[in-house]
Structure formats: structure tokens, C-alpha cells
Amino acid sequence: MLENLDALLLARIQFAFTVSFHFFFPAFSIGLASYLAVLEGLWLKTGKSVYLDLFKYWLKIFAIAFAMGVVSGIVMSYQFGTNWSVFSDKAGPVIGPLMAYEVLTAFFLEAGFLGVMLFGMNKVGKKLHFAATLMVALGTFVSAFWILSVNSWMQTPTGFEIAANGQFLPGPSWWDIVFNPSFPYRLAHTVMAAYLTTAFVVGAVGAWHLLKDRANPHARKMFSMAMWMAAIVTPAQIFAGDMHGLNTLEHQPAKVMAMEGHYQSHPEGAPLILFGIPDSEAKTVRYAIEIPKFSSLILKHDLNAPLAGLDTIPDNLEPPVPVVFWSFRIMVGIGFAMLGIGVWSLWGRVRGTLYDLPWLHRAAVLMGPSGFAAVLAGWITTEVGRQPFVIYGLLRTADAASPLDAPAVAASLLAFILVYFTVFGIGVWYILKLMGKSPHAGEYGVKRGDVGPIRTAGITPGPTQNTGGEETLPTHARDEKEPV
Amino acid sequence: MDLTVVWAFIIAFAVFAYVVMDGFDLGIGILFPTFQPGRERDRAMNSIAPVWDGNETWLVLGGGGLFAAFPLAYAVILPATYPLIIAMLLGLVFRGVAFEYRWRDPGHQNFWDKAFSGGSLIAALAQGMTLGALLQGIEVEGRAYAGSWWDWLTPYTLLTGLGTVAGYALLGSTWLIWKLDGDEQSHARKLAIRWGAATIILMGAVSVYNVLLNADYAARWLSAPEIYWVAPVPILTAIVAWSMLRAILKDRNSKPFWLGIALFFLGMSGLGVTIWPYAVPESVTIWEAAAPYRSQAFMLVGVALTLPLIIAYTAWAYWVFRGKVGHEGYH
């Protein structure tokens, strides 16, 4: 028995570890693919070389991030079977088809057009190349659509029947499964989170180079674009998050109770606990700093509305409160810090000093990784808040695991930790190195040695062949002096 | 029409597409150490850089499709081959990132070249051994795997693993014959002969072993009247193998590659004959493992709409990067 428990815990740690690592890459590449499409579109429309330079600059970074996303994603698609075989058997008929649609409509689209996007500009022409970039960007979005539908169905399952053998079977309407109650909110909230993650990375890189040279036109352009995103998308994101919270209150009240730290019911208006230390043994939040009745105002739009607490939920169905409570506060805190940057940038823009505010630039650099932290914290809030269930209210996590021995799972977990930290750590370092280089005119694209799919011209090019002008395509890097 | 049978063929197609397309990628990885660092290796890798990602996606369709169409088979096979699957995934991690990393860090290019070939070798071996573990039978109780976590390691699975490594190396070298020229092409030709011979021998050995391994398998191949139906498979295999070796020796460009694929197609057909109608041989039939009609029908709509498009734009991507790698006027 104890052995089974250990294997279960190890399997949970392994899934949490691999999915958290994986989530970083799509969170970045969904936004970056769209950003690249916007840059290339603006270049085609305006003909301004600064957009092409920025496109090439970020394309190199995208190539690395995308590769890491692909290889960590394949792990996920097999881990349902390796570690959660009971879940796979039971839920496969319902969520399997959604994941198959993800492969068919998203993964192939991204992967099929990626080669042309990275290497093909001087082979297919500008317009077709732009189409390829759009397809890659579309693919990243469609992928988010399907996988978030799957996740949402696990949170708020609808449209299914349960067979005699315990399998979940699709009901008459797939629409009810795909568009389950939490899906529209989760999709909006997560996709905007991905856009903000990318915007703050782009903003940090722009700010970093502005701090070194505030006249750098490329740094100015990317910083300005990122700050527009921060100013416009952050408020929308906070609104979407609030709507998502209300939806969760309706369908998964125990999760909201844990987020709010409400161990007790409040029949006459619940306080908003800003900070405190949740103690699940004593069923109280210690050292709580709270605003009376404010939680009822936010969740029910009425100061005196009664709110049920975890005392209405059996102990064995209660999610781990401290984790959910804290991860939620980290996410919200980062959200408001992002809003602060957005407002600050608007103030600078209005006064015409957007590029002359070193403290804004320093703050933007500091906030560079904030999107990743917020995404991870939000993900932990929603996933841990679903516990002890894997399919909310219907299948417990403890009943979903594969019949594996603990040593097998321990060995694989150790291998994943070692490989991921090494391989992805190095990848992130390569990305940071690229970001540390100043974006400049005549930026080169994804370079692949002196031979390759990328070269169409002569074997011994002369230095005069590269004009560095706008007609020069990302891969015309043959007389590039700078090391790759 | 029986959608379960349709889905068995779709999954088989996805697996076949994966095996031949990522097969030549992995084969190039396996053979990578035999190419000189620098230009030779650059050319070999650049011949697949624009397409490897799409090729690998067929693995996700094979796995995801199995999950969706035959969830019980997915839930039994993956725990049964757990260490192999994990090893394959980690191998693919190293292989995949090496495509980018080796260009990013010239100081450690040698390290990432080793990661590229080591990852490819481990992934190929693990895939072949998974096939062997499936063919030798998996212990099932109720709806779950009931064996130990070392059942997959036997002399037979080692043989199927080696056979897969050899087969991928053959596909990789024939691809390089097509995409390279000059000295590098001659080198690929030498490799193709060697690995072609190894593939043929190992395919024969696995076939003989299959017939000895299991009386049911033997009955399918050797008793009348089945033998009249299945005899064309080994006969055609022998013809294709012979033509392929001749094409490699006779200075052909793309012919060895296509014949290599034909060889794999016949091998897969043979496997189909051997295990039909089981999803997990001897334990779970495709009908027992199948998802309900509603799941199958919903996905079939998606496949019917998207698969032709996928094949079309994949073909386009190959067309864009056609011709020899890194020479003027090859398009």
C-alpha cells in the first residue's frame, strides 16, 4: 500500500514537473509566433527595414524556443499513457479525439510550415513566406484551443455518459464536450497570458538595449510595441481573470474557497484576505490582513452576500489550501505589477519621454520573466485547486495512475529532472545570449553554416553580394562577419 | 462499414509515415559520427533541418491517435514498455534540440553532435524494442498491464531493436545518396550497402524468430490456405531488397530511397499479418480496445478533412527544399 502511495506521489511530481517545464515554451512561442507574423506583415505593408530586422532577430530566438517546446511536448503526449493509464483508459474516448484534433489541425500546421518560415524566405518569395509565418502562428493558437478544451473538460466535465465498465463516453453532442462551461474563460485568460508573457520578454529586451543606447531605433521599436501590449492587454487580462474566477465559483466552488482562504462560511459577507498563512490543521488563516466583506463584493457584487467556506466540503475533498492560496496571490500580484508598467509607459508616451525613462526601462527588464511566473502560478492555482480529482468530482487522481512500481517512476523522474535542467537550461542560456546582442540593421536570420537548405547562391560569395538592404532575406547571411 | 478497422488502418498509416519519415532523420543521426565534422556533417544535417519537425509529428499522431481510437491499447502498452518509452522520449529531446543548439555554440558543437547521434540511436533502439515487446506478448489482467517493469527486455526485443536501428540507418543513408553529391554521396553509398545488407539479414532473423516464437504467428504464415494469401509478402520483400541493393551500387540518385521505403512498407505489412486482429497481441483485439462509435466517427471527420491537406502542405515543404543540399542551381 505504502509502495503504491509512493509511486502515485512520484507520478504526480513527474507530471507536474514535465508539464510546468513544457508550459513555459508554448506560453512564449504562442505570443512570439504572433509577434513575428505582425512584424513580417508590417514589413510587407510599410517596407520599413526595422520590421524585417526585428523579424530576423526574434526568429532566431523563436527557433530555439520552438524546438524546446516540441521535444518537451512529445513527452506530454505519451505521459498520459505511461503514468496515468487508468485515466487514459477511462477518459480516452472523450478527450482523446480532442487531442487527435490538436495534432491534425495544429501540430502538423506548425511543424509543416516551420521549415519554410525558418529557412525558406529566399526560396518561396515574400508573400508565401508570410503565409507560412501566419500558418505557424495560427497553429500555435489552434493548439492552445484544443489542449485548453481538454483541460477545461477535466475541470468542468459536461456532455458525457458513463459506461458500465467505468469509461467516460461522449454524449450525443461534441459541442457540449468541447465548449464545456469553463473553456471560453480559460481560453481567453490563457491566450492573453501567453501574449503578455511574450510582450514582457520583448519589452525587457528592448529596455535592456535602450539602457545601453537609448537612440537604438530597433530597441525603441520593440520596446514601444511591447508597452502597447502591456497597456492594452493587461487590463483586458485582469477583466478576463475576474470573469474566469466567477465561472470557477459557479462550477468549482471549493477551488475558490481555497484561493480566498475561506475555511469558514461567512453568512453575512466574506472578507478579502490579502495576505496570511493558511493553516489547514487549525482551519484558519494566521496573521491575516483582510478587508471586511470585500470578497463578497468581488465574487457576488454585494457586500453582504453570504459565501460558503471549506467547512461545507468534506475534509477528504478539500484541495491543498496553502499552495492554491499562495499561487493565486503571486499571479494576481504580478498582474497588477504588469498593469503598473503599462500605465507608466502610457504616462511616458503621453509626455513623449517613453525612451528617456531609465527607471521604467529598469523595471521592464526586471519584469521580463514575470509572465512565466504568472503563467506558472495561475496554472498551479487551477490544477492544484482541482485536487483531489483529476476529472473534477468524478475521478480521483489517486485512482487514475498506472500500475507502475515506485522505483520505475523514481528513476524516470530523476532522468527527467537531470535532462530538463541541463538541456533546457542550456537552451535558455543560448536564448539569453541572443537577447544580449543588440538588434541592428541588416540583421541576419537563422544561419546554418555555409551549406544547407538555406543557401541558393554561389559557393564562394563575394563580400559585395550582400547589400544589407530590404530585399536581402533573412538567410542571406553568407558574408556575415559576426559569429552565429 | 466497421470504423474500428478503418481506424486500425489510420493508426497503421500514421506509424508507417512516422517510421519512414523520422526513420531517415534518426538514421542520419545514427550515422552522424561517420561524417567528418564541419562541411560533411553540416550538409547531412541541413538535408533534414527544414522537415524533421513535421516528420516527428507523425509520432504524436500515432500516439495521440492510439489514445483516442484505442484507449485501452494505449493504457496497456505504455506502462508495459515504460522504460523504453521514457528512454525514447529523452533520446528525442537530445536529438531535437541538437538541430538548433549545434549552430548556437560552435565551442560545443562536438558535444551536440554526440547528443544528436546518441539521442537518435537511443530513440531508434527503444522504438524497435517496443515493437518487439508488443510482438512477444504483454500480460494483461482486467483492463491493465499485469507484468513487471523488465518484461520488455529479452533477446528477441534486442533483435527487433537492432533491426530497427539498421533499417533507419539504411533509410538515412539512402536519403543522403539522394541529397548529397561528390565524396559525401560516395560515403553515403558505402553506408547504404552495409546497412542495407544488415537490414535484410535482421528482417529475416526477426521473421524466423516470429514464426518460432508463437504457434499462432506460425499458423498465419505457414499453414494452408493462408500461405497463398501471405506468400507474396516475403517474395516481394526479396525482390525489393535485391533491386534496392542493385540501385545503391548502380549510382542511382533517389531510387535506393524509394526502394528502402518499399522495403519498410512490406515489413509493416508483414507485421500487420502477424498481429491482426490484435491491438495488444494475444490479449486485446482492436474491437476490445476501440473507443465507441461516436469518438471514432467524430475523429474520422477530422482525418478526412485534414489529412489530405497535411499531406499536401508537407509535400510542398519537401518540394521547396528539393534537390541537392548546398549547391548552386539545384532548383
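Residues numbered from 1 in each chain as written. Chains lettered and ligands numbered in written order. Predicted model: local features only at pLDDT ≥ 70, side-chain atom pairs only at ≥ 80, totals over all residues.

Caption draft 1: Structural detail: the overall build of chain B. Check the secondary structure of chain B and you find 14 helices and four strands. Taken along the three principal axes of its C-alpha coordinates, chain B extends 60 × 40 × 40 Å. Taken across its 331 residues, chain B has 56% of its residues classed as buried. Partitioning the intrachain contacts of chain B with sequence separation of at least 6 by distance along the chain shows that 77% fall at a separation of at least 24. (Helix = DSSP H or I, 4+ residues; strand = E, 2+ residues; numbered from the N terminus. Buried ≥ 20, exposed ≤ 12 C-beta atoms within 10 Å, placed from the backbone. Contact = placed C-beta atoms within 7 Å.)

Caption draft 2: Structural detail: the interface of chain B and chain A. Contacts between chain B and chain A engage 64 residues on the former and 65 residues on the latter. Within the residue set of the side of chain B that touches chain A, elements represented by two or more residues are helix H2 (39-46), helix H3 (52-69), helix H4 (71-80), helix H5 (82-104), strand S2 (144-145) and helix H14 (293-320) of chain B. Of all the elements, H5(B) adds the most residues to the side of chain B that touches chain A, at 16 residues.

Caption draft 3: The arrangement of the nonpolar core in detail. In terms of nonpolar packing, the biggest core is built from 258 residues, with Phe70(B) and Ala73(B) touching the most fellow members. Not counting the four nearest positions on each side in its chain, Phe70(B) is found in contact with Ala279(B), Ile286(B), Ala289(B), Ala290(B) and Ala291(B). (Core = buried A, V, L, I, M, F, W, Y, C linked by C-beta atoms within 7 Å.)

Caption draft 4: Representation of the environment of Pro181(A) in the model. Residue and element names in this part refer to chain A. Following the sequence through the fold, Pro181 ends up in the loop between helix H6 (174-178) and helix H7 (183-212). In this structure Pro181 comes out as partly exposed when scored by C-beta crowding, with 19 C-beta atoms within 10 Å. Here the alpha-carbon distance between Pro181 and Gln155, two residues 26 residues apart in the chain, equals 9.1 Å. Setting aside anything within four residues of it in sequence, one finds Pro181 in contact with Thr156, Thr158, Asn247 and His251.

Caption draft 5: Region of interest: the packing of helix H3 (residues 85-119) of chain A against helix H5 (residues 126-155) of chain A. Residue and element names in this part refer to chain A. Closest axis-to-axis distance for the H3/H5 pair is 8 Å, and the angle between their directions is 160°. Classified by the angle between their axes, H3 and H5 sit roughly antiparallel to one another. When the axes of H3 and H5 are compared, the crossing they make is left-handed. Considered class by class, the residues forming the contact of H3 with H5 number 21 nonpolar, seven polar and two charged. (Axes fitted to C-alpha atoms, helices over the stretch in contact; angles between N-to-C directions. Parallel < 35°, antiparallel > 145°, perpendicular 65-115°, else oblique. Left-handed = near helix turned anticlockwise from the far one by under 90°. Nonpolar A, V, L, I, M, F, W, Y, C, P; charged D, E, K, R; others polar.)

Caption draft 6: The pairing of strand S3 (residues 272-279) of chain A, seen in detail. Residues and elements named next belong to chain A. The pairing of S3 with strand S4 (residues 284-291) spans six bridges and is classified as antiparallel. Looking across to S4, one finds that Pro278 is bridged to Val285. As consecutive antiparallel partners, S3 and S4 are separated by four residues, and within that stretch Lys283 has a phi angle of approximately 55°, a positive value. (Pairing = 2+ DSSP bridges.)

Caption draft 7: Structural view of the packing of helix H2 (residues 49-83) of chain A against helix H14 (residues 406-436) of chain A. All names here are of chain A. Contact pair H2 / H14: the axes reach a minimum separation of 9 Å and the direction vectors enclose 165°. By the criterion of interaxial angle, the relationship of H2 to H14 is roughly antiparallel. The two elements H2 and H14 cross, and the hand of that crossing is left-handed. Contacts between H2 and H14 involve Lys60, Ile61, Ile64, Ala65, Met68 and Asn83 from the former and Val409, Phe424, Gly427, Tyr430, Ile431, Leu434 and Met435 from the latter. The class makeup of the residues in the contact of H2 with H14 is 10 nonpolar, two polar and one charged.

Caption draft 8: Structural view of the environment of Ile298(A). Here Ile298(A) lies in helix H10 (residues 294-300). Put simply, Ile298(A) and Leu272(A) are 26 residues apart on the chain and 8.6 Å apart in space, counted from C-alpha to C-alpha.

Caption draft 9: Just H14(A), in detail. Taking 1.5 Å of rise per residue, 31 residues should cover 45 Å, and H14(A) covers 43 Å from first to last C-alpha, within 8% of that figure. Of all the residues in H14(A), the buried ones are Ala408(A), Val409(A), Ser412(A), Phe416(A), Tyr420(A), Val423(A), Gly427(A), Tyr430(A), Ile431(A) and Met435(A). (Expected span 1.5 Å × (residues − 1).)

Caption draft 10: Spatial organisation of the confidence of the model for chain B. Per-residue confidence for chain B averages 89 on the pLDDT scale, and 98% of its residues sit at or above 70. Two summary scores accompany this predicted model of the complex, namely pTM at 0.88 and ipTM at 0.88. (pLDDT = per-residue confidence, 0-100.)

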